[in-house]
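Spelled out, the chains give:
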Amino acid sequence: MVLQELGSQISKALASVQEASVVDEKVLDACLKEISTALLQADVNIKLVFNMRSNIKKRVDSDTGAGLNKRKIIEKAVFDELCSMLNSGIDPKDIKTKKQDLKKGKPNVVMFVGLQGSGKTTTCMKYAHFHKRKGFKPAMVCADTFRAGAFDQLKQNATKASIPFYGSYSETDPAKIAEVGVNKFKEGGRDLIIVDTSGRHKQEEALFEEMRQVSASVQPDLVIFVMDGSIGQAAFDQAKAFKDTVEVGSVIITKMDGHAKGGGALSAVAATKSPIMFLGTGEHMDEFEGFETKAFVGRLLGKGDWTGFMDKIKDVVPEDSMKEEIMDSIQKGNFTMRILKDQLQNILKMGPVGQVMGMIPGFANNMMPKGSDKQSEVRIKKFMTMMDSMTEKELNTNDIKLLQQPSRMARISRGAGHRPADYQELLEEFKRLKMLICGGKGGGGMMKNMPKNLQKGMAGMNPHNMQMSMAQMSRMLPPNVLKQMGGPAALQGLMRQMEGK
């Protein structure tokens with residue numbers, strides 16, 4: 001997860017308050033000292049940290065009274081102050097350039113600007129891929145004539161994401177390239193046209209003038225500033241310089257995958273009153289997540305983000321993919337390898353495991369060991385290759401004895417290029433997941449205990465899909481992590497929490 005170490009330190013400080021038999025001034029000071037130290041280590045400006053500490057103390061002193069839970073007051077004060085520190089102060093409803101306001105079917109021109117080496121071209125591809133999955137028809141224009149190989153990189157990225165692109169090896173005027181490319185894609189019916197510009201520094205006036213010319217030639221609907229999260233609180237000066245030159249609508253912060261100075265970058269950008277739209281959390285296309293202050297702080301403190309989690313589920317599990325006859329079959333206990341295979345494919349579409357699990361309340365930041373994302377993906381792909389080696393009969397059966405026949409085990413594992421022990425591991429996972437969803441002979445599975453109505457927070461989510469998504473969570477987690485959470489029963493508890501029980 002983004003800023004995992006910072007989140008762990010703050011959560012640890014708050015846990016010390018919960019464990020204290022008496023919450024007095026000494027306990028509060030120790031907690032605030034730990035939180036302040038963690039924020040300073042993340043390169044957050046010392047004035048912001050001092051103000052946050054002072055505000056928390058004032059709030060705790062003023063809110064404490066007979067019958068009030070002081071621990072809850074401290075926890076809420078810390079949450080609110082962290083949100084305040086990261087909030088740009090601009091109401092999202094007043095931002096005309098908010099990502100939800102891009103109109104499908106109407107040309108939306110988005111210009112990317114940023115420092116050299118900030119990951120701008122890669123971010124253009126991620127942004128295009130993100131909106132392509134939302135139903136947009138994106139296209140990319142390379143107006144970077146300053147950096148050698150810029151067009152080649154954009155072309156490679158666009159080809160990988162199956163997105164049309166435009167650029168020129170001979171034309172040297174970036175404003176002209178941008179204008180021709182934008183007009184071409186407008187005529188071609190593209191509704192999201194992304195213009196990648198040259199990387200520049202706030203001291204390079206000539207490049208800033210070039211940025212103004214490109215902006216004037218394409219008249220962008222939105223200007224996005226891409227910033228390297230590793231520069232910490234130095235982000236303030238850079239973001240301000242760009243904002244003063246062109247009308248920056250929002251900011252994307254890159255390289256947030258574990259860098260110690262990411263907290264400083266987030267707070268510094270918020271201080272410029274520029275709304276942060278996305279965070280880049282890695283090099284791959286799906287390592288890109290939307291930023292919303294309360295949801296981000298909730299995940300940072302282990303409180304989760306159900307809204308973000310539901311969006312992930314809805315993106316990869318469309319309602320029509322769960323046919324009624326299939327769900328009826330599952331409710332009768334007929335859970336097959338084919339259904340498992342479909343769920344594994346959905347899991348791979350959801351993105352990094354750590355990113356998804358961070359959205360679940362109570363999921364501690366330190367539960368996912370480093371490298372576990374990759375480990376889980378390798379395991380899933382290994383299981384899928386073995387299922388590819390099965391016959392139709394084997395995929396459609398729910399008879400575990402049939403799948404355990406020695407001759408079948410040898411053939412399937414050999415055909416997939418794996419050991420019989422790997423196939424045995426697949427069968428154990430299949431049995432565990434079948435028990436989780438369908439229960440044993442006496443019932444008790446998630447499907448059988450499913451309530452008729454879900455609470456408002458589920459917002460139109462098919463309950464069958466929701467139950468399957470809980471099963472997916474169980475399947476995604478490495479066994480040691482699932483054990484730490486309390487096993488499959490803990491996931492059912494999360495389900496009840498979501499339903500407001």
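Since we're looking at a predicted model, the values are computed, not measured. (Residues numbered from 1 in each chain as written. Predicted model: local features only at pLDDT ≥ 70, side-chain atom pairs only at ≥ 80, totals over all residues. Heavy atoms only, no water.)

Peer 1: Lay out the overall build of the chain in plain terms, naming residues and giving numbers.
Peer 2: Within the chain one finds 23 helices and 10 strands. Considering the chain as a whole, with its 501 residues, one finds that 53% of them fall into the buried category. Considering only contacts in the chain between residues 6 or more positions apart, those separated by 24 or more positions represent 76%. Summed over all atoms, the accessible surface of the chain reaches about 22600 Å², with 51% contributed by carbon and sulfur. (Helix = DSSP H or I, 4+ residues; strand = E, 2+ residues; numbered from the N terminus. Buried < 20%, exposed > 50% of the residue type's maximum accessible area, 1.4 Å probe, protein only. Contact = heavy atoms within 4.5 Å. Areas by Shrake-Rupley, 256 points an atom, 1.4 Å probe, with all protein chains shown as cover.)

Peer 1: If you had to explain the packing of aromatic side chains to someone new, which residues and values would you point to?
Peer 2: Under the counting rule described, the total for this entry stands at eight aromatic pairs. Centroid distance Phe 278 to Phe 288: 4.5 Å. Interplanar angle 20 degrees. Geometry classified as stacked. A residue pair is termed long-range when its members are at least 10 positions apart, and Phe 278 in strand β7 (residues 276-280) and Phe 288 in strand β8 (residues 288-290) qualify at 10 residues. What links up through ring pairs into an aromatic cluster is the set Phe 112, Tyr 127, Phe 130, Phe 278 and Phe 288. (Phe/Tyr/Trp six-rings, centres within 6.5 Å; stacked < 30°, edge-to-face > 60°.)

Peer 1: Tell me about unusual backbone geometry, and please be specific about residues and values.
Peer 2: Notably, Ser 162 is not glycine yet its phi reads approximately 55 degrees, a positive angle. Tracing the backbone shows Ser 162 in the loop between α6 (150-160) and β3 (165-166). Residue Ser 162 is classed as exposed on the basis of its relative accessible area of 54%. In this model, Gln 219 sits at a positive phi of 45 degrees, which is unusual for a non-glycine residue. Relative to the assigned elements, Gln 219 resides in the loop between α8 (205-218) and β5 (222-228).

Peer 1: I'd like a rundown of the side chain of Asn 108, residues and numbers included.
Peer 2: The topology assignment puts Asn 108 in strand β1 (residues 108-114). Judged by its relative accessible area of 3%, Asn 108 is buried. Polar side-chain contacts of Asn 108 include one of 2.7 Å to the backbone oxygen of Lys 103. Here Asp 191 takes part through its backbone oxygen, which lies 2.7 Å from a polar atom of the side chain of Asn 108. (Polar contact = N/O pair within 3.5 Å; in protein donor to acceptor, adjacent residues only side chain to side chain.)

Peer 1: Help me get a handle on the sheet that holds strand β4 (residues 192-197), residues and values and all.
Peer 2: Taken in spatial order, the eight strands of this open sheet run β3-β2-β4-β1-β5-β6-β7-β8, and their pairing is mixed. Whereas interior strands pair on both sides, the edge strands pair on one side only; in this sheet they are β3 and β8. Here β7 pairs with β8 via three bridges, running antiparallel. Of the residues in β8, the one forming a bridge with Gly 280 is Phe 288. Strands β1, β2 (138-143), β4, β5, β6 (250-254), β7 and β8 of the sheet are contacted by helix α5 (residues 120-133), whose axis makes an angle of about 175 degrees with β4. (Pairing = 2+ DSSP bridges. Axes fitted to C-alpha atoms, helices over the stretch in contact; angles between N-to-C directions.)

Peer 1: Hey, could you go over the packing of helix α1 (residues 4-19) against helix α4 (residues 70-86) for me, with residue numbers and the actual values?
Peer 2: Put simply, α1 and α4 touch, their axes get as near as 9 Å, and they point 160 degrees apart. Classified by the angle their axes make, α1 and α4 are roughly antiparallel. As α1 runs across α4, the sense of the crossing is right-handed. Residues Ile 10, Leu 14, Val 17 and Gln 18 of α1 lie in contact with α4, whose contacting residues are Arg 71, Ile 74, Glu 75, Val 78 and Leu 82. Its residues assigned to classes, the contact of α1 with α4 shows six nonpolar, one polar and two charged. (Parallel < 35°, antiparallel > 145°, perpendicular 65-115°, else oblique. Left-handed = near helix turned anticlockwise from the far one by under 90°. Nonpolar A, V, L, I, M, F, W, Y, C, P; charged D, E, K, R; others polar.)

Peer 1: Provide a residue-level description of the nonpolar core, including the pertinent values.
Peer 2: Ranked by internal contacts, the top residues of the largest apolar core, which has 68 residues, are Ile 10, Ile 35, Leu 39, Val 195, Ile 253 and Leu 266. The next biggest cluster of nonpolar side chains, apart from the first, holds 26 residues, and it includes Leu 154, Ala 161, Ile 194 and Val 226. (Core = buried A, V, L, I, M, F, W, Y, C linked by side-chain atoms within 4.5 Å.)

Peer 1: Residue-level account of empty space enclosed by the protein, with values.
Peer 2: Tallied over the full model, the rule gives two cavities of 30 Å³ or more. Considered as a void within the structure, the largest cavity measures approximately 70 Å³ in volume. Every residue lining the largest cavity is counted, 13 residues in all, and those nearest its centre are Leu 6, Leu 39, Leu 82, Leu 86 and Leu 300. Those elements giving two or more residues to the lining of the largest cavity turn out to be α1, α4, α10 (262-271) and α11 (293-300). Per-class residue counts for the lining of the largest cavity are 11 nonpolar, two polar and no charged. (1 Å grid on protein atoms, 1.4 Å probe; cavity = no way out; pocket = protein on both sides within 12 Å on 5 of 7 lines; lining within 4 Å. Points joined across faces, edges and corners; volume = space filled by probe spheres on them.)

Peer 1: Describe in detail the pattern of salt bridges, supporting the description with residues and values.
Peer 2: Considering all chains together, one arrives at 20 salt bridges under this definition. Of the charged contacts, one joins Asp 422 and Lys 382 as a salt bridge, the two residues approaching to 3.5 Å between their closest N and O atoms. Here Asp 422, found in helix α20 (residues 420-438), pairs with Lys 382, found in helix α16 (residues 372-388); they are 40 residues apart in sequence, far enough to count as distant. Among the residues examined, Asp 422 registers a relative accessible area of 7% and is labelled buried. A residue is classified by how much of its surface remains accessible, and Lys 382, at 17% relative accessible area, is buried. (Salt bridge = Lys/Arg side-chain N within 4 Å of Asp/Glu carboxyl O.)

Peer 1: Tell me about the environment of Thr 197, and name the residues and values.
Peer 2: Among the secondary structure elements, Thr 197 is positioned in strand β4. Thr 197 sits in the buried class, given a relative accessible area of 1%. Once the C-alpha coordinates of Thr 197 and Met 211 are considered, the two residues, 14 residues apart in sequence, prove to be 7.3 Å apart. Ignoring sequence-local partners within four residues, the contact set of Thr 197 consists of Met 111, Phe 112, Val 113, Lys 120, Ala 143, Asp 144 and Val 214. From its side chain, Thr 197 meets the backbone oxygen of Phe 112 in a polar contact 2.6 Å long.

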